[in-house]
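Listed below are the residues making up each chain.
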Amino acid sequence: MLIAKVIGTVVSTQKEPALEGLRFMLCRPVNAKGEESGAVVVAADAVGAGLGEMILYATGSSARQTIATENRPVDAVIMAIVDQWEVEGETKYLKSEDS
Amino acid sequence: MLIAKVIGTVVSTQKEPALEGLRFMLCRPVNAKGEESGAVVVAADAVGAGLGEMILYATGSSARQTIATENRPVDAVIMAIVDQWEVEGETKYLKSEDS
Amino acid sequence: MLIAKVIGTVVSTQKEPALEGLRFMLCRPVNAKGEESGAVVVAADAVGAGLGEMILYATGSSARQTIATENRPVDAVIMAIVDQWEVEGETKYLKSEDS
Amino acid sequence: MLIAKVIGTVVSTQKEPALEGLRFMLCRPVNAKGEESGAVVVAADAVGAGLGEMILYATGSSARQTIATENRPVDAVIMAIVDQWEVEGETKYLKSEDS
Amino acid sequence: MLIAKVIGTVVSTQKEPALEGLRFMLCRPVNAKGEESGAVVVAADAVGAGLGEMILYATGSSARQTIATENRPVDAVIMAIVDQWEVEGETKYLKSEDS
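To keep things clear, this report deals only with the structure shown in the data block.

Focus on the relation of the copies chain B and chain C
1) Next: Rotating chain B by 72° about the axis while translating it 0.0 Å along that axis superimposes it on chain C, leaving an RMSD of 0.0 Å. Given the turn and translation reported, the copies of this chain are related as if by a five-fold rotation axis.
2) Next: Comparing contact sets, just 3% of the residues at the interface of chain B also lie at the interface in chain C, consistent with a heterologous contact between different surfaces.

If you want it as structure tokens, here you go:
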């Protein structure tokens, strides 16, 4: 998985029928310090992620192992919202109460 | 998934029989601003995408989860045509009426 | 899929038994203009591709969806020989009669 | 697989239910000399890996082939803790007794 | 698949039980001329590859299609030892008798 920040949303009406009802989020990967880094990806949302949140997304066939995405043509899914991460014992990110 | 722009088509007559009837589109990924970015990929079309449209494509085994591509040897599929995307509340792309 | 040019062949006698009879081709990806670009890959041949031809190859589990590669440990397969491609209505590649 | 060093942990409470009980580790790939190299990834832990240890992680559908990760939406798993590696007969890494 | 040179071995005792008995080889990809190129990967050995040999390795779910790796959490497998390869009719690599 990669840690990424949810930076936006993508809207599509003309799509494969199986995708009906899925939300597509624009996510930008971050580095260990939480700085945005790398190219944006679009991930289906399985956990109710919101704009500005740090999330984990899984890719490939693993992206179809959530209840929301089973058997659907998606190759990236947000499967967890990140509360906190530490590097060598030091907190690098802590979700704020109001985010 | 990645957002990409459909920039062309690829024609093949000598191919694996299971591919008969599929359209192959040349797609160039774009960044969050909609600028072309990165190397072109060839994706099978599951949704009737046209030249110049912004689309989402899925890769890997997920590319075989559409009605058009099931059990076929394709590793990238256009599974949605993009109407609009927003980054931090700002519209970065809006499909024009006549495209 | 990626478009690539077949530039060579790879010979192996000591290999997984299931690979017996498969041809392995050295392929170099090309860009939208047909210029060689990126690192070479070795793909199993499912369609009778020849040296110098432009082909499409699929990767991952999709590489096992051809008759030639089913259930075999290959992660890239040539599944189509390219006749022609166009970018924004302009022909960028057209297979010559004698190739 | 890639060799990586476990450099941290990621905590998530709001996540896909199937992920309950899995530990997520921040891992940084290393080169053949053991120097940190490349972007961090988050891998599920199947073997009880600890901070500072060198590990192997597997990605894609293979990441779901451990007892801990079967049928779960994870695309990277720590499936081995590295004791030692050699390059051309020379030991490049040897786990210390107290690590 | 990629062509790579076997440059070393990785030893692990604490690992997923299903991995028992597999050998892990450090492999460095090479370019079409046989020059080492790109980051090392660790691949399970399905064919009895030795130090210094040129091999083909397959990744992803295809890495589980050998007798040695079926249902095991490995994402890269050596499935062939390379005898020779040619680029545009010119031999670029020929295994020596004593290697």
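Next comes the rest of the description.
Let's talk about the interface of chain B and chain C
1) Next: At the interface, 29 residues of chain B touch 28 residues of chain C.
2) Next: Both faces combined, the contact of chain B with chain C buries some 2200 Å², and carbon together with sulfur accounts for 53% of it.
3) Next: When residues of chain B are sorted by the area they lose upon contact with chain C, Gln14, Glu16 and Asp75 of chain B head the list and together hold 25% of the total.
4) Next: Summed over the shared surface of chain B and chain C, the number is 0 salt bridges.
5) Next: Of all the secondary structure elements, the ones that give two or more residues to the side of chain B that touches chain C are strand 1 (2–11), strand 2 (24–29) and strand 3 (41–45) of chain B.
6) Next: Residue contributions to the side of chain B that touches chain C peak at 5 residues, all from strand 1 of chain B.
7) Next: Across the side of chain B that touches chain C, the residue classes break down as 15 nonpolar, 8 polar and 6 charged.
8) Next: Pairing of strand 1 of chain B with strand 6 (residues 84–87) of chain C involves 4 bridges; the strand directions are antiparallel. Opposite Val11 of chain B, over in strand 6 of chain C, you have Gln84 of chain C as the bridge partner.

What about the nonpolar core?
1) Next: Residues Phe24 of chain A, Phe24 of chain B, Phe24 of chain C, Phe24 of chain D together with Phe24 of chain E are the most contacted members of the largest nonpolar core, which totals 125 residues.
2) Next: When neighbours within four sequence positions are excluded, Phe24 of chain B is seen to be in contact with Gly8, Thr9, Val10, Leu19, Val42, Ala43, Ala44 and Val74 of chain B together with Met1, Leu56 and Met79 of chain C.

The rules behind these values
- Residues numbered from 1 in each chain as written.
- Chains lettered and ligands numbered in written order.
- Predicted model: local features only at pLDDT ≥ 70, side-chain atom pairs only at ≥ 80, totals over all residues.
- Heavy atoms only, no water.
- Least-squares fit on C-alpha atoms with pLDDT ≥ 70 in both.
- Contact = heavy atoms within 4.5 Å.
- Buried area = accessible area lost by both parts, 1.4 Å probe.
- Salt bridge = Lys/Arg side-chain N within 4 Å of Asp/Glu carboxyl O.
- Helix = DSSP H or I, 4+ residues; strand = E, 2+ residues; numbered from the N terminus.
- Nonpolar A, V, L, I, M, F, W, Y, C, P; charged D, E, K, R; others polar.
- Pairing = 2+ DSSP bridges.
- Core = buried A, V, L, I, M, F, W, Y, C linked by side-chain atoms within 4.5 Å.
- Buried < 20%, exposed > 50% of the residue type's maximum accessible area, 1.4 Å probe, protein only.

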